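Below are the chains, spelled out letter by letter.
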Amino acid sequence: MNAFGVHSEVGRLRKVMVHRPDLSLKRLTPSNRDELLFDDVLWVEQAQREHDQFVAEMRKRGVEVFHVHDLLTKALKTPGARQWAISHTVSPYTVGPAAVESVQRALENMSAEALATHLIGGVTRAELMQYADRDLFVHSLVASTTPDSAFILPPLPNHLFTRDSSCWLYGGVSLNPMFWPSRQLETVNIGVIYRFHPMFREAKFDFWYPDAGHGEEHDEFDIQSFGRSAIEGGDVMPIGNRTVLIGVSERTTAQMVEVLSRRLFEKGAVDRVIAVELEKKRSYMHLDVVFTFMDRDAVTIYPKVIDTTKAFSIRPGHKPWVLDVTEERSFLGAVSDALGVKQKDLRVVTTGGDAAQQEREQWDSGNNVVALSPGVVVAYSKNVYSNQKYREAGIDVVEIDGFEVGKGRGGGHCMTCPLLRDP
Ligand SMILES: NC(=[NH2+])NCCC[C@H](N)C(=O)O
C-alpha cells in the first residue's frame, strides 16, 4: 500500500492532516475578521479544546493525525526548504520591493519552529524588528508606514480548514490556487510540507497541480501567477470508481475544473469528473457545506441548494486536449450512476428540522460531516435536528463541540485533509 492516497470519501480514514487553532486565530479582531473570512472572533483556548476533542475522537478510531505546525517545522529543517518558503512568501507583492531583502533576512534568522509559527501566524512590524536590521525603516515605505502592531506578513487563520489548500485525488495531490487573497499563502506553507518533509519526500505520489516534482529542482509554483483560475479542496471529492466531484462555486472556477480534469485524464487517474454548479454565496462557499458522504450509499444534502443544482459530466474527448461535457439530468442521478448505486437506493438525508432550522444548521456546518469509515461520521453537537436524522438513517454520529471552531464556517469535513483513505 502506498503511504498516501485518497480513494473515496467514506473508506476507512487512515492518515489525516489538521491544524490546531494557534497564534493565527489570536490575530483575529473585530476589524480584520471580515477580510480574514471569519464571522466572529474566537475564544482561542476553547477552540483548542474543541479541536483536541476532534483529534482525540479520530485517534481513538485508529486515524493517524498530523498537525500542520509540526509538519511545517520539520519540513523547514530540510536543506533548501527554508529558502523556498521564504522566497515564495516574501515578494514585492507581499511586502513591497524595498523590504524584500531585509524581511527575507529577518526570517532567515528565525529557528525552524519560530519560522513555522510566523509563516502561519503572520508577523507584525514589532515582531519582525527583533530579527531585522534597522535599515529596514530607511528603505521601505511599507515598513515606515506600518504601525508596530500591524502585519508585515499576514496571519493565515484559515489554515484551520486544511481541506481547502490542498487535496488528494487518488494517488496524487493538488496544491490549490485559492480564490481570496487572504488564503493564498496557505498553499505555499502546505507546498513546503509536501515538497520537503521527509515523510513526503520519501513517498511516491503525483503532483496533479501544479505540475511539479519533489523539491526545489522543479519549481514552477508561483503565487503571483494565480489569476482567475481558483480551486479549493472543499469543492473536490474523489468518490471512488475513478470519478471526482467538483463544485463550481464562489471559490472554484470552471476554468480550473477544466485544467484539473485534463490533467487527471492525461495521467489516466480518473475517467469522469462531475461538475456541479453552486450559487456564488458565502453560506454555500464550497460543495462540502451543502453535500457530504456518510456511507457508501448515503449522503447528507442541504435540499434548498442540491435539489435545483445543475451538473455536468466531463470525460476525456477524442483528442487529448478535448473534453466531452454533457449536462446531467440531475446531480444526485449522476452521483449514483458513478457509484454504481441505483438512484432509488441512494440514501439521501436532508438537513434536519423545518425550513428555518435547516437554514440555521446548514450555516452551522450541519451538512459538513466527515466520515471516519463507512457509516461513521463526526458532526457538531449543536446541529441537533440533523444529527437525529442521520442517526435515524442508521449512521453512527460522533459528536464534537463546535461553538468556537465553527465560527469560521466549517465543520469536520473542512477541518480535515485526508492523506490516506481506503477505497
Ligand atoms: N471546505 C470548507 N467548506 N471550508 C470552509 C472554509 C471557511 C473559511 N473561513 C473560508 O471562508 O474560506
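Here the structure is a predicted model, which is why all the values come from computation and not from measurement.

Near the ligand, the surroundings consist of 16 residues, among which Asn 158, Arg 183, Asp 288, Gly 408 and Cys 414 are the closest. For the ligand, a nitrogen atom lies 2.8 Å from a polar atom in the side chain of Asp 164. Burial of the ligand by the protein chains amounts to 100% of its free accessible area of 350 Å². A breakdown of the residues in the shell around the ligand according to their chemical character gives 5 nonpolar, 4 polar and 7 charged.

Here we come to the sheet that holds strand β8 (residues 206–209). Taking strand neighbours across the sheet as the criterion, the 3 strands line up as β6-β7-β8 in an open arrangement whose pairing is mixed. In the strand order of this sheet, the two ends are held by β6 (166–169) and β8, each with one partner. Sheet twist, expressed as the mean angle between neighbouring strand axes with direction ignored, is 30 degrees. As judged from the 3 bridges shared by strand β7 (residues 172–175) and β8, these two strands associate in the parallel manner. The partner of Gly 172 across the bridge, within β8, is Asp 206. Contacting β6, β7 and β8, helix α13 (residues 186–196) crosses the sheet at an angle of about 150 degrees to β7. The sheet strands contacting helix α15 (residues 254–266) are β6, β7 and β8, and the helix crosses β8 at an angle near 150 degrees.

Turning next to the packing of helix α4 (residues 81–89) against helix α6 (residues 100–108). At their nearest, the axes of α4 and α6 sit 10 Å apart, and the two run at 145 degrees to each other. The handedness of the crossing between α4 and α6 comes out as right-handed. When α4 is examined against α6, the residues Arg 82, Gln 83, Ile 86 and Ser 87 are found in contact with a partner set consisting of Gln 104, Leu 107 and Glu 108.

The predicted model of the protein has a mean per-residue pLDDT of 94, with 96% of residues at 70 or higher. Low pLDDT, under 50, characterises residues 213–225; the stretch is placed with 36 contacts to residues that sit more than four places away or in other chains. Taken together, the chains of this predicted complex give a pTM of 0.96 and an interface ipTM of 0.98.

In this section: the pairing of strand β14 (residues 311–316). Taken residue by residue, a regular strand's side chains alternate between the two faces of the sheet. In this sheet, β14 lies alongside strand β11 (residues 272–277) in antiparallel orientation, the contact comprising 4 bridges. Across the sheet, Ala 275 pairs through a bridge with Phe 312, a residue of β14. Across 5 bridges, β14 lies against strand β15 (residues 323–327) in antiparallel orientation. Bridging from a neighbouring strand, Phe 312 pairs with Glu 327 of β15. Between the antiparallel neighbours β14 and β15 lie 6 residues.

A few words on the environment of Phe 196. When you line up the elements, Phe 196 lands in helix α13. By relative accessible area, which is 0% here, Phe 196 ends up buried. On a C-alpha basis, the gap between Phe 196 and Met 294 in space is 34 Å, while along the polypeptide they are 98 residues apart.

A few words now on the environment of Arg 282. For Arg 282, the location among the structural elements is in the loop between β11 and β12 (291–295). Each C-alpha atom, one on Arg 282 and one on Ser 249, is 9.7 Å from the other, the two residues being 33 residues apart in sequence. Once residues lying within four places of it in the same chain are set aside, the contact partners of Arg 282 are Leu 37, Phe 38, Asp 39, Glu 250, Arg 251, Gly 408 and Arg 409.

All right, on to the state of the cysteines then. Enumeration over the complete set of coordinates arrives at 0 disulfides. We note that Cys 417 lacks a disulfide partner, and the nearest cysteine sulfur, in Cys 167, lies 7.4 Å from it.

Let's shift gears to the packing of aromatic side chains. Using the criterion set out here, one finds 13 aromatic pairs in the structure. Where Phe 205 meets Phe 207, the ring centres are 5.2 Å apart and the plane angle is 50 degrees; that geometry is what we call tilted. With respect to burial, Phe 205 and Phe 207 carry one shared label: buried. The rings of Phe 4, Trp 168, Tyr 194, Phe 200, Phe 205 and Phe 207 are connected pair by pair, giving a single aromatic cluster. The ring centre of Phe 4 lies 4.8 Å from the NZ or CZ of Lys 15, which sits over that ring. Positioned above the aromatic ring of Trp 363 is the side chain of Arg 409, whose terminal nitrogen or guanidinium carbon lies 4.0 Å from the ring centre.

Ordered in space as β1-β20-β2-β3, the 4 strands form an open sheet in which the pairing is mixed. Where the open sheet ends on each side, the last strands, each with one partner, are β1 (5–6) and β3 (64–67). Summarising the sheet, strand β2 (residues 13–18) and β3 pair through 4 bridges and their orientation is parallel. Each residue of the ladder has a partner; that of Val 16, found in β3, is Val 65.

The subject of this paragraph is helix α2 (residues 44–60). End to end, α2 covers 24 Å across 17 residues, agreeing with the expected 24 Å (1.5 Å per residue, within 8%). Contacts made by the buried residues of α2 are with β2, α1 (23–26), β3, β17 (370–373), β18 (376–380) and β19 (396–400). The first or second residue beyond α2 is Gly 62, which carries a positive phi of 85 degrees.

Definitions and limits used
- Numbering of residues starts from 1 in each chain and follows the order in which that chain's sequence is written.
- The model is predicted, so local features are restricted to residues of pLDDT at least 70 and side-chain atom pairs to those at 80 or more, both for listing and for counting; the totals for chains, interfaces and linings are taken over all residues.
- Only hydrogens and water are set aside; all other atoms, that is, all heavy atoms of the structure, feed into the side-chain values.
- When at least one non-hydrogen atom of a residue lies within 4 Å of a molecule or strand, that residue is treated as near it.
- Contacts described as polar in this section are N or O atom pairs within 3.5 Å, which, within protein, must combine one atom able to donate a hydrogen with one able to accept it, while residues neighboring in sequence count only if both atoms come from side chains.
- Only the protein chains shown count as cover for residues, and the accessible areas themselves come from Shrake-Rupley with a 1.4 Å probe.
- Ten residues, namely Ala, Val, Leu, Ile, Met, Phe, Trp, Tyr, Cys and Pro, are considered nonpolar, four, namely Asp, Glu, Lys and Arg, are considered charged, and the remaining ones, Gly among them, are considered polar.
- Being paired, for any two strands, means DSSP has found at least two bridges between them.
- Numbered from the N terminus, helices here are DSSP runs of H or I no shorter than four residues, and strands are runs of E no shorter than two.
- The angle between two axes is taken between their N-to-C directions and runs from 0 to 180 degrees, where each axis is a line fitted to C-alpha atoms and a helix contributes only its stretch in contact.
- When checking whether two residues touch, look at their non-hydrogen atoms; a contact exists if any pair is within 4.5 Å.
- We call a crossing left-handed when the near helix sits turned anticlockwise from the far one by less than a right angle, and right-handed when that turn is clockwise.
- Residue-level confidence of the predictor, termed pLDDT, takes values from 0 up to 100.
- Throughout, exposure labels follow a simple rule: accessible area from a 1.4 Å probe, protein chains only, divided by the maximum for the residue type, with under 20% read as buried, over 50% as exposed, and the rest as partly exposed.
- Defined by distance alone, a disulfide is two cysteine sulfur atoms within 2.5 Å.
- Note on ring pairs: Phe, Tyr and Trp rings are taken, using the six-membered ring of Trp, and paired if centres are within 6.5 Å. Classes follow the plane angle, with under 30 degrees stacked, over 60 edge-to-face and the rest tilted.
- Here, a charge over a ring is recorded when the distance from Lys NZ or Arg CZ to the ring centre is within 6 Å and its angle to the ring normal is within 35 degrees.
- Given the number of residues in a helix, its expected span is that number minus one, multiplied by 1.5 Å.

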